[in-house]
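# Commentary on secondary and tertiary structure
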There are 2 protein chains.
Amino acid sequence: MGTTQLETAPEPKYWHLKTVLSDALDTEFSVGEILPNERDLAARFGVARATLRQALEQLELEGRLQRRRGVGTTVAPPRVGVAVDPARHTWPGATGDDWQPVAAEEAATVPAPVARLLERAPGEPVHVVRRSRVSAGRPVAAELLYVRTDALPGCADPAGPDPAARARAVLHALQALDLDGQDRTVELGSASAEDAKQLDRLPGAPVLVVTTRYVSGGRPTAVAVSTYRADTCRLTFGERAAEPVLTG
Amino acid sequence: MGTTQLETAPEPKYWHLKTVLSDALDTEFSVGEILPNERDLAARFGVARATLRQALEQLELEGRLQRRRGVGTTVAPPRVGVAVDPARHTWPGATGDDWQPVAAEEAATVPAPVARLLERAPGEPVHVVRRSRVSAGRPVAAELLYVRTDALPGCADPAGPDPAARARAVLHALQALDLDGQDRTVELGSASAEDAKQLDRLPGAPVLVVTTRYVSGGRPTAVAVSTYRADTCRLTFGERAAEPVLTG
DNA sequence: AAGTGGTCTAGACCACAGC
DNA sequence: CTGTGGTCTAGACCACTTC
């Protein structure tokens, strides 16, 4: 807060601003409270609005703030813990998972990385199931599940006008297979236009991308690409997953 | 400004720019190649430099680009898969892990969240060990490991002028304990000044924060906070962790 | 209509790498 | 030194929500 900073210079303004704001959030604000608007904040701290926004972006990335166009900036609640690895080996769609089927279709083209994981040529058809995950009343993740069509011979019929019903049919057929195992990767990504809409965020919002491969009969049978909101989610793994805030 | 775009408007320029650049990276550039500088690129696409930078930031976040001040922007190699969950239950520092001890000290103050995980009051002393993880010759993660001092009675002596030696001593003492289990969380964060230096990034760079809690004797004994470079790392979990990107 | 955050511009200067 | 990316400014307009 000093005035003369003779040799503390090399620290960028937005970085210093961020720490000041972060401390203020801890001491002077409570969850859900709305902050002054960006123009006022910038004026108060004597910086350009762009600089103030750089600090706010960092804080939003860390899950401290939530910004909504047309509304304002509010103090975000602590990140929600979502269980990703239920030690038990089960297919997606098993009873008790937190996902809701949205739609399904048989697609001829899949992203190249997914095709590689499935050990299929990019042109061969696969079932594509879109699902949604909700926690504490808020959407936390969107998913695209790819299943080899030849693994579900009884499910080759795409009939039914209801997209959600088709999705449930594919998921139900999966449960009959033996599951040898699964492996997972987690990386940072940015939300596609569709995922963003499903997650109630803007396109490009940071997401944690969880890629799960399911192995059955000695070969990869399904691949799930789940995108979690990085600002509001904390992924939990292991035995006693997600103690602080979790439903059941 | 260029021509009339009557109804293609709602897509932000930087978003469109990002997809154009992404396609160009796939088709016209190879890994390691350097791109034209930002001023030239901005001029070529007819946008302000700030807008061009917004697109580049997204691509860097997705691990497609690498930018270094004073050098330039290069096409990044595919993300490195790093194994995080070696199904085997072992303490940090067990033979065969990929971490290098850097230093250790006995600290009286620990971050509040860590103290809570350790079920210690924020004031009680703990061992703090800093470690570094290197993969493919590049630093990929920095870690702070917190260990209850009362769990390592034989290690109460902080002697030794060599920081790395002290770190090894703490890790070695850990191995003698029984390990009941461990649980983990993954979330998005931004690099602190120290982590940034260790990771060869700028402060605030996006990182994947892995928090691991080790339980011994029925109570939490150690907590590791590992920060992985989000731009270059893909965390892998499960049995067949981290098989190289290409399957031939 | 008013107020918010989101996008965009055209400049300027700074910090750093390499010659 | 030159050239690069990083920071910062002061303004403008747009998209959205709310009243």
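Notes on the structure in this doc start here. (Residues numbered from 1 in each chain as written. Chains lettered and ligands numbered in written order. Predicted model: local features only at pLDDT ≥ 70, side-chain atom pairs only at ≥ 80, totals over all residues. Heavy atoms only, no water.)

Across its full length, chain A holds 6 helices and 10 strands. In chain A, which comprises 248 residues, the proportion classed as buried is 47%. A fraction of 64% describes how many contacts in chain A between residues 6 or more apart in sequence connect residues 24 or more apart. Summing over all exposed atoms, chain A offers an accessible surface of approximately 12400 Å²; the carbon and sulfur share of this is 54%. (Helix = DSSP H or I, 4+ residues; strand = E, 2+ residues; numbered from the N terminus. Buried < 20%, exposed > 50% of the residue type's maximum accessible area, 1.4 Å probe, protein only. Contact = heavy atoms within 4.5 Å. Areas by Shrake-Rupley, 256 points an atom, 1.4 Å probe, with all protein chains shown as cover.)

Residues and elements named next belong to chain B. Of note, Arg148 is situated in strand β6 (residues 138–148). Overall, the relative accessible area of 9% leaves Arg148 in the buried class. In terms of polar contacts, Arg148 uses its side chain to reach the side chain of Asp150, at 3.0 Å. Beyond its immediate sequence surroundings of up to four residues, Arg148 is in contact with Leu118, Glu119, Arg120, Val126, His127, Arg219, Pro220 and Thr221. (Polar contact = N/O pair within 3.5 Å; in protein donor to acceptor, adjacent residues only side chain to side chain.)

The next thing to look at is empty space enclosed by the protein. Residues and elements named next belong to chain A. Scanning the model with the defined rule gives 1 cavity of 30 Å³ or more in all. A volume near 40 Å³ is recorded for the largest cavity. Taken together, Ala191, Leu199, Arg201, Ala205, Pro206, Val207, Arg229 and Asp231 make up the full set of residues lining the largest cavity. The residue inventory of the lining of the largest cavity, partitioned by class, reads 5 nonpolar, no polar and 3 charged. (1 Å grid on protein atoms, 1.4 Å probe; cavity = no way out; pocket = protein on both sides within 12 Å on 5 of 7 lines; lining within 4 Å. Points joined across faces, edges and corners; volume = space filled by probe spheres on them. Nonpolar A, V, L, I, M, F, W, Y, C, P; charged D, E, K, R; others polar.)

For the rest of this paragraph, the subject is the sheet that holds strand β8 (residues 206–216) of chain A. With respect to topology, 8 strands assemble into an open sheet ordered β4(A)-β5(A)-β6(A)-β9(A)-β8(A)-β7(A)-β10(B)-β3(B), the strand pairing being mixed. Each having just a single partner strand, β4 (99–107) of chain A together with β3 (80–85) of chain B make up the two edges of the open sheet. Strand-to-strand twist in this sheet, taken as the mean axis angle between neighbours without regard to direction, amounts to 20°. Two elements, β8(A) and strand β9 (residues 219–229) of chain A, share 10 bridges in a ladder whose sense is antiparallel. Note that in β9(A) the partner of A:Val207 across the bridge is A:Arg229. Across the face of the sheet, helix α5 (residues 163–174) of chain A comes into contact with β4, β5 (126–135) and β6 (138–148) of chain A while running at roughly 90° to β4(A). (Pairing = 2+ DSSP bridges. Axes fitted to C-alpha atoms, helices over the stretch in contact; angles between N-to-C directions.)

So, about the relation of the copies chain A and chain B. Rotating chain A by 180° about the axis while translating it 0.0 Å along that axis superimposes it on chain B, leaving an RMSD of 0.0 Å. Between the two chains, the operation in question is that of a two-fold axis. (Least-squares fit on C-alpha atoms with pLDDT ≥ 70 in both.)

What surrounds DNA strand D is a group of 26 residues, the closest being A:Lys13, A:Ala48, A:Thr51, B:Arg49 and B:Arg53. The contact atoms of DNA strand D, taken as those within 4 Å of the protein, divide so that sugar and phosphate hold 66%. Within the side chain of B:Arg67, an N or O atom sits 3.3 Å from a phosphate oxygen of DNA strand D. One nitrogen or oxygen atom from the main chain of B:Gly70 is found 3.1 Å from a base oxygen belonging to DNA strand D. (Near = heavy atom within 4 Å.)

What follows concerns the interface of chain A and chain B. With 35 residues of chain A at the contact, the number on the chain B side is 36 residues. Carbon and sulfur atoms make up 53% of the area that chain A and chain B hide from each other, which totals about 3000 Å². In this structure, the connection of chain A to chain B is made through 2 salt bridges. In this assembly, chain A and chain B are joined by 16 residue pairs in polar contact (both at pLDDT 80 or more). Mapped onto the side of chain A that touches chain B, the elements with two or more residues apiece are α1 (13–28), α3 (49–61), β7 (181–190), β8 and β10 (233–238) of chain A. Take the side of chain A that touches chain B: its biggest share by element is 9 residues, from β7(A). As paired elements, β7(A) and strand β10 (residues 233–238) of chain B share 4 bridges and run antiparallel to each other. Bridged to A:Thr185 within β10(B) is B:Thr236. (Buried area = accessible area lost by both parts, 1.4 Å probe. Salt bridge = Lys/Arg side-chain N within 4 Å of Asp/Glu carboxyl O.)

Tallying each qualifying case throughout the model produces 42 salt bridges over all chains. Between A:Glu124 and A:Arg120 there is a salt bridge, with its nearest N and O atoms 2.9 Å apart. The exposure class of A:Glu124 is partly exposed, given its relative accessible area of 30%. Between B:Asp150 and B:Arg148 there is a salt bridge, and its shortest N-O distance comes to 3.0 Å. Three or more residues are tied together by salt bridges with common partners; here these are A:Glu38, A:Arg49, A:Arg53, A:Glu57, A:Glu60, A:Arg67, A:Arg201, A:Arg229 and A:Asp231.

Residues and elements named next belong to chain A. When the terminal C-alpha atoms of α5 are compared, their 17 Å separation across 12 residues agrees well with the 16 Å that a helix rising 1.5 Å per residue should span. Within α5, burial applies to Ala164, Ala167, Val170, Leu171 and Leu174. Down the axis of α5, the smallest arc covering the buried residues is 120°, so these residues share one side. In this fold, the buried residues of α5 make contact with β4, β5 and β6. (Expected span 1.5 Å × (residues − 1). Arc of directions from axis to C-beta.)

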